[in-house]
Every structure is written in structure tokens, then in C-alpha cells.
Amino acid sequence: MVKPTLVTNTIRSRREEAGMTQAELARLIGVTRQTLIAIEQGRYSPTLEIAFQIARAFGLPLEDLFQYPEPTQKRDD
Amino acid sequence: MVYQERVAWSQLIVSVIAIAVYVALVVRSADGGELTSVDWLPLMLWTIGGGIVLTIVLSILWGIVAGMRDPQSATATDIRDRDISRLGGRVEHSFLVIAGLGVIALCAAGAHLFWIANTMFLGFAISALIGGIARVIAYRRGLV
């Protein structure tokens, strides 16, 4: 069983806002459309390089596209 | 479906067919007698050769159909394909190691050549099968 990632992203909504198709964005960052779909759905964690390429394609910082939850604070007993 | 996923599916389908055909041929050749009396080498070589040819033919035919639908991405590969390929390779490797250890154990026990050769063959076949399953699952369910 594949361990789910905690990383989420807003690529799909950003792409739709930009009026870009999956094929166009995939071509822009040099991956297949299937890989972009997997990234958008959180089924594939992109490499840092691809993450930066996606961020650059939208002109946004990484943090605007990818989110990672803050660690939950442990209570000291 | 990307090129490498089609290859993974082809490998998986052919592995199942090859294992089933080989086992059926050996059992039929034994004709109720001892399995060790079967002339296994030609059966094994034909199964291996047939499996390789069938995988290539299946991949090419599937590629032609995919190419007619989407010519631009028919043979495209990227880093996700390489990651999934590595995962499949690791799974395959573990089963090959198990088969290799089995062969050493059988040699040490002085087993019949039939069992030694077929343990290794089964190791190759099972590793291809499990590796194919791992790749297909990674393509379908994700790799994170």
C-alpha cells in the first residue's frame, strides 16, 4: 500500500485560474500529462526541480502552490 | 496511459501467460509421471523466447493504437516513469535474491537439476510478475 503524502497543492485551481490546460502546463514543465494529473491529485510527489518549474510557470512562490501541515504539538506530561 | 505504463501492463500480462503456459507444458509432458523426467530445457527456452517476443509485439501494437489517439505523448517518458521503474526494479531484485538463495540451498542439498533450474526460472517469472504488479499499482494508485 502506498503511503499517502501530507503535502497538498493548489496547482489545479491555479492552472484553471490561469486558463491553462493540463497538456499546456505539462509541456511547459517537461512532464507527461499523466504525471501532471498525478501531481495535481496528490498521487505523485514532484521533485524539487519540477515543483520550482511549476511555481515559475505561475510566477508564484512554492508556498503558494504546495502546503505541508504544521506538526501537532505534543503535550508534556 | 503513458508509454512505460503500457510496457508494465504488457510485462504483467505476458508474465501471467508465460507462467501458466510453462507449468501446463511441464505437467502435460510429465503425463502423470515424475516431473524430473521431463525434458524441461526446450520448454523453458521456448517460454522465455516466446515471452520476450510477445512482450515486444504487445507493446508495439498497443503503442500504435495509443499513437493514433495521441501521437505527441505515445512514447514520452519523464521522471515519474523512472521513479516507478526503480520501484519495480527493487521489488524484482528482492525476489531474484530469494530465488538465488533457493538455488544455493538446492545445490547444497544435492537436488535434481530440474528443481534447481526451475527454482531459478520461477524466480525470474515471479519477480517479473510482482515487479509488474508493483509498477501498475504505482501508476494507478500513486507514488508518493
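Now for a description of the structure that goes with this document. (Residues numbered from 1 in each chain as written. Chains lettered and ligands numbered in written order. Predicted model: local features only at pLDDT ≥ 70, side-chain atom pairs only at ≥ 80, totals over all residues.)

A look at the overall build of chain A
Item 1. Across its full length, chain A holds five helices and two strands.
Item 2. Beginning at the N terminus, the succession of helices and strands in chain A can be written as β-α-α-α-α-α-β.
Item 3. Relative to its full complement of 77 residues, chain A shows a buried share of 22%.
Item 4. Look at the contacts in chain A between residues 6 or more apart in sequence, and 52% of them connect residues 24 or more apart. (Helix = DSSP H or I, 4+ residues; strand = E, 2+ residues; numbered from the N terminus. Buried ≥ 20, exposed ≤ 12 C-beta atoms within 10 Å, placed from the backbone. Contact = placed C-beta atoms within 7 Å.)

Quick word on the environment of I98 of chain B
Item 1. Structurally, I98 of chain B is set in helix α3 (residues 79–108).
Item 2. For the pair I98 of chain B and T119 of chain B, spaced 21 residues apart in the sequence, the C-alpha separation amounts to 9.8 Å.

Looking at the interface of chain B and chain A
Item 1. Taken together, the contact pairs ten residues of chain B with 15 residues of chain A.
Item 2. In terms of residue class, the side of chain B that touches chain A is made up of five nonpolar, two polar and three charged. (Nonpolar A, V, L, I, M, F, W, Y, C, P; charged D, E, K, R; others polar.)

Overview of the nonpolar core
Item 1. Core analysis: the biggest nonpolar cluster contains eleven residues, these being I11, L25, A26, I29, V31, L36, A38, I39, Y44, I50 and I54 of chain A.
Item 2. Among the secondary structure elements, those contributing two or more residues to this core are α2 (22–29), α3 (33–40) and α4 (48–58) of chain A.
Item 3. For I29 of chain A, the residues in contact, after removing those within four places along its chain, are I50, Q53, I54 and A57 of chain A.
Item 4. Membership of the second largest hydrophobic core comes to seven residues, among which are V7, I84, A138 and Y139 of chain B. (Core = buried A, V, L, I, M, F, W, Y, C linked by C-beta atoms within 7 Å.)

Some thoughts on helix α2 (residues 40–69) of chain B
Residues separated by three or four positions in an α-helix point in the same direction, a consequence of the helix having 3.6 residues per turn.
Residue and element names in this part refer to chain B.
Item 1. Look at α2: 43 Å from first C-alpha to last across 30 residues, which is about the 44 Å you get at 1.5 Å a residue.
Item 2. All buried positions along α2 are accounted for by W40, T47, G51 and T55.
Item 3. Taken together, the buried residues of α2 touch α1 (3–30) and α4 (113–141). (Expected span 1.5 Å × (residues − 1).)

What to know about unusual backbone geometry
Residue and element names in this part refer to chain B.
Item 1. One non-glycine residue, D31, lies in positive phi territory at about 50 degrees.
Item 2. When you line up the elements, D31 lands in the loop between α1 and α2.
Item 3. Classification of D31 by C-beta neighbours within 10 Å gives exposed; the count is 8.

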